[in-house]
Amino acid sequence: MSRIGRMPITVPAGVTVSIAEGNVVTVKGPKGELTRALRPEMIIKQEGTTITVDRPSDDKLHRSLHGLTRTLLHNMVVGVTDGFKKELEVNGVGYRVAKEGKNLVMNLGFSHQVIVSEIEGITIDVPAPNKIVINGCDKQAVGQFAAEVREKRPPEPYKGKGIKYADEVIRRKVGKTGAKK
(Lines give C-alpha, C1' and ligand atoms only; values in the text may rest on other atoms or scores of the structure.)
Protein backbone atom coordinates (compact mmCIF):
# COMPACT_ATOMS: atom_id res chain seq x y z
CA MET A 1 0.00 0.00 0.00
CA SER A 2 1.24 3.48 -0.83
CA ARG A 3 2.56 5.20 2.30
CA ILE A 4 1.47 8.60 1.04
CA GLY A 5 -1.77 7.42 -0.58
CA ARG A 6 -3.20 5.83 2.55
CA MET A 7 -2.72 8.92 4.74
CA PRO A 8 -6.01 10.76 5.38
CA ILE A 9 -6.36 14.45 4.51
CA THR A 10 -7.83 16.58 7.29
CA VAL A 11 -9.94 19.47 6.10
CA PRO A 12 -9.48 22.53 8.36
CA ALA A 13 -12.34 24.77 9.49
CA GLY A 14 -13.41 27.30 6.89
CA VAL A 15 -12.62 25.00 3.96
CA THR A 16 -15.33 23.24 1.96
CA VAL A 17 -14.59 20.30 -0.31
CA SER A 18 -17.10 19.04 -2.85
CA ILE A 19 -16.56 15.94 -4.97
CA ALA A 20 -18.64 15.86 -8.16
CA GLU A 21 -19.21 13.02 -10.60
CA GLY A 22 -16.07 11.88 -12.42
CA ASN A 23 -13.85 12.92 -9.45
CA VAL A 24 -14.04 16.65 -10.17
CA VAL A 25 -12.97 18.11 -6.82
CA THR A 26 -13.66 21.74 -5.82
CA VAL A 27 -11.97 23.18 -2.73
CA LYS A 28 -13.04 26.58 -1.38
CA GLY A 29 -11.17 28.40 1.36
CA PRO A 30 -10.09 31.81 2.62
CA LYS A 31 -7.36 32.22 -0.06
CA GLY A 32 -9.49 31.22 -3.04
CA GLU A 33 -11.13 28.37 -4.89
CA LEU A 34 -9.46 25.50 -6.78
CA THR A 35 -11.09 22.95 -9.08
CA ARG A 36 -9.32 19.91 -10.48
CA ALA A 37 -10.48 16.86 -12.40
CA LEU A 38 -8.73 13.83 -10.94
CA ARG A 39 -8.61 10.36 -12.50
CA PRO A 40 -12.16 8.93 -12.41
CA GLU A 41 -11.08 5.40 -11.43
CA MET A 42 -9.63 6.50 -8.06
CA ILE A 43 -12.03 6.26 -5.09
CA ILE A 44 -12.25 9.52 -3.11
CA LYS A 45 -14.36 9.40 0.06
CA GLN A 46 -15.23 12.28 2.39
CA GLU A 47 -16.29 11.48 5.94
CA GLY A 48 -16.79 14.60 8.03
CA THR A 49 -13.52 16.53 8.07
CA THR A 50 -11.33 13.79 6.57
CA ILE A 51 -10.82 12.73 2.98
CA THR A 52 -9.38 9.34 2.06
CA VAL A 53 -8.18 8.08 -1.30
CA ASP A 54 -8.43 4.39 -2.18
CA ARG A 55 -7.50 2.51 -5.30
CA PRO A 56 -9.77 0.04 -7.05
CA SER A 57 -7.06 -2.61 -7.57
CA ASP A 58 -3.36 -3.31 -7.12
CA ASP A 59 -2.80 -2.67 -10.81
CA LYS A 60 0.48 -0.87 -11.59
CA LEU A 61 -1.41 2.17 -12.94
CA HIS A 62 -3.65 2.38 -9.86
CA ARG A 63 -0.66 2.02 -7.52
CA SER A 64 1.10 4.89 -9.27
CA LEU A 65 -2.02 7.11 -9.18
CA HIS A 66 -2.78 6.46 -5.50
CA GLY A 67 -0.13 8.70 -3.94
CA LEU A 68 -0.40 11.26 -6.74
CA THR A 69 -4.16 11.72 -6.25
CA ARG A 70 -3.77 12.13 -2.48
CA THR A 71 -0.93 14.65 -2.90
CA LEU A 72 -2.87 16.71 -5.44
CA LEU A 73 -5.86 16.84 -3.07
CA HIS A 74 -3.65 17.75 -0.11
CA ASN A 75 -1.95 20.54 -2.10
CA MET A 76 -5.37 21.96 -2.99
CA VAL A 77 -6.41 22.05 0.68
CA VAL A 78 -3.08 23.61 1.77
CA GLY A 79 -3.26 26.11 -1.11
CA VAL A 80 -6.66 27.55 -0.14
CA THR A 81 -5.69 27.80 3.54
CA ASP A 82 -2.02 28.88 3.59
CA GLY A 83 -1.11 29.36 -0.07
CA PHE A 84 2.23 28.69 -1.71
CA LYS A 85 5.14 31.01 -2.36
CA LYS A 86 8.40 30.97 -4.28
CA GLU A 87 11.22 33.39 -3.57
CA LEU A 88 13.62 34.43 -6.31
CA GLU A 89 16.87 36.38 -5.98
CA VAL A 90 18.42 38.59 -8.65
CA ASN A 91 22.23 38.69 -8.64
CA GLY A 92 24.42 40.87 -10.85
CA VAL A 93 25.75 44.39 -11.14
CA GLY A 94 22.95 46.68 -12.30
CA TYR A 95 20.36 43.88 -12.17
CA ARG A 96 17.25 45.01 -10.34
CA VAL A 97 13.51 44.47 -10.27
CA ALA A 98 10.59 46.75 -9.51
CA LYS A 99 6.82 46.42 -9.44
CA GLU A 100 4.78 48.90 -11.46
CA GLY A 101 1.06 48.30 -11.06
CA LYS A 102 0.48 44.65 -11.93
CA ASN A 103 3.72 44.38 -13.92
CA LEU A 104 7.13 43.14 -12.82
CA VAL A 105 9.78 45.31 -14.51
CA MET A 106 13.25 43.76 -14.58
CA ASN A 107 16.59 45.28 -15.62
CA LEU A 108 18.68 42.22 -16.42
CA GLY A 109 21.60 43.54 -18.45
CA PHE A 110 19.72 43.60 -21.74
CA SER A 111 19.33 46.75 -23.86
CA HIS A 112 15.64 46.73 -22.87
CA GLN A 113 13.59 46.14 -19.75
CA VAL A 114 11.94 42.75 -19.35
CA ILE A 115 8.30 43.13 -18.29
CA VAL A 116 6.20 40.26 -16.91
CA SER A 117 2.59 40.85 -15.88
CA GLU A 118 0.72 39.06 -13.11
CA ILE A 119 -1.61 36.29 -14.15
CA GLU A 120 -4.89 35.38 -12.49
CA GLY A 121 -4.36 33.69 -9.12
CA ILE A 122 -0.74 34.85 -8.82
CA THR A 123 0.53 37.90 -6.93
CA ILE A 124 4.04 39.31 -7.20
CA ASP A 125 5.82 41.15 -4.37
CA VAL A 126 9.14 42.95 -4.61
CA PRO A 127 10.36 43.54 -1.03
CA ALA A 128 13.85 44.60 -2.20
CA PRO A 129 15.37 45.56 -5.58
CA ASN A 130 16.94 42.10 -5.83
CA LYS A 131 14.13 39.93 -4.42
CA ILE A 132 10.93 38.62 -6.01
CA VAL A 133 8.23 36.78 -4.05
CA ILE A 134 5.53 34.94 -6.01
CA ASN A 135 2.37 33.94 -4.09
CA GLY A 136 -0.71 31.95 -5.04
CA CYS A 137 -3.04 29.15 -3.99
CA ASP A 138 -2.27 26.76 -6.88
CA LYS A 139 1.09 25.08 -6.30
CA GLN A 140 1.57 24.14 -9.93
CA ALA A 141 0.78 27.66 -11.20
CA VAL A 142 3.13 29.30 -8.67
CA GLY A 143 5.98 26.97 -9.62
CA GLN A 144 5.38 27.41 -13.35
CA PHE A 145 5.24 31.21 -13.09
CA ALA A 146 8.43 31.27 -10.99
CA ALA A 147 10.17 29.09 -13.59
CA GLU A 148 9.07 31.45 -16.37
CA VAL A 149 10.44 34.48 -14.48
CA ARG A 150 13.71 32.64 -13.78
CA GLU A 151 13.94 31.72 -17.47
CA LYS A 152 14.32 35.41 -18.42
CA ARG A 153 17.92 35.31 -17.14
CA PRO A 154 18.97 31.96 -15.64
CA PRO A 155 22.04 32.04 -13.37
CA GLU A 156 25.36 31.46 -15.08
CA PRO A 157 28.12 29.35 -13.49
CA TYR A 158 31.07 31.77 -13.72
CA LYS A 159 29.92 34.85 -11.81
CA GLY A 160 26.54 33.59 -10.58
CA LYS A 161 24.68 36.43 -12.32
CA GLY A 162 21.01 35.96 -13.09
CA ILE A 163 17.73 35.04 -11.40
CA LYS A 164 17.83 32.07 -9.04
CA TYR A 165 15.55 30.51 -6.46
CA ALA A 166 16.33 31.60 -2.89
CA ASP A 167 17.22 28.03 -1.85
CA GLU A 168 19.08 27.18 -5.08
CA VAL A 169 22.82 26.59 -5.00
CA ILE A 170 24.71 27.57 -8.13
CA ARG A 171 27.66 25.32 -8.97
CA ARG A 172 30.46 27.71 -9.79
CA LYS A 173 33.15 27.10 -12.39
CA VAL A 174 36.68 28.41 -12.45
CA GLY A 175 37.22 30.93 -15.25
CA LYS A 176 40.06 31.25 -17.68
CA THR A 177 43.60 31.45 -16.33
CA GLY A 178 46.40 33.24 -18.13
CA ALA A 179 48.81 31.16 -20.23
CA LYS A 180 52.20 30.67 -18.52
CA LYS A 181 55.43 30.94 -20.51
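Up top is the structure.
The shown structure was predicted, so the numbers you read here are calculated from the model rather than taken from an experiment.

Caption draft 1: Examining the sheet that holds strand S11 (residues 122–128) more closely. Strand order in the open sheet formed by 4 strands is S11-S12-S7-S13, and the pairing between neighbours is antiparallel. Lying at the two open borders of the sheet, with one neighbouring strand each, are S11 and strand S13 (162–165). Each strand axis lies, on average, 25 degrees off the axis of its neighbour in the sheet, ignoring direction. Alignment of S11 against strand S12 (residues 131–136), held across 5 bridges, turns out to be antiparallel. Residue Thr123 lies in a different strand from S12, and its bridge partner there is Asn135. Contacts between helix H2 (residues 139–150) and the sheet are confined to strand S7 (84–91), S11, S12 and S13, with S7 contributing the most and set at about 10 degrees to the helix.

Caption draft 2: Expanded view of the nonpolar core. One finds Leu104, Met106, Ile132, Ile134 and Val149 to be the most contacted residues of the largest nonpolar core, which totals 20 residues. When contributions to this core are tallied by element, the ones reaching two or more residues are S7, strand S9 (103–107), strand S10 (114–117), S11, S12, H2 and S13. Here this core takes 4 residues from H2, the largest share from any one element. Here Met106 is in contact with Arg96, Val97, Gln113, Val114, Val116, Ile132, Val149, Lys152 and Ile163, once residues within four sequence places are set aside. Counting 18 residues, the second largest nonpolar core, distinct from the first, contains Val17, Met76, Val77 and Cys137.

Reading the values: the criteria
- Residues numbered from 1 in each chain as written.
- Predicted model: local features only at pLDDT ≥ 70, side-chain atom pairs only at ≥ 80, totals over all residues.
- Heavy atoms only, no water.
- Pairing = 2+ DSSP bridges.
- Helix = DSSP H or I, 4+ residues; strand = E, 2+ residues; numbered from the N terminus.
- Axes fitted to C-alpha atoms, helices over the stretch in contact; angles between N-to-C directions.
- Contact = heavy atoms within 4.5 Å.
- Core = buried A, V, L, I, M, F, W, Y, C linked by side-chain atoms within 4.5 Å.
- Buried < 20%, exposed > 50% of the residue type's maximum accessible area, 1.4 Å probe, protein only.

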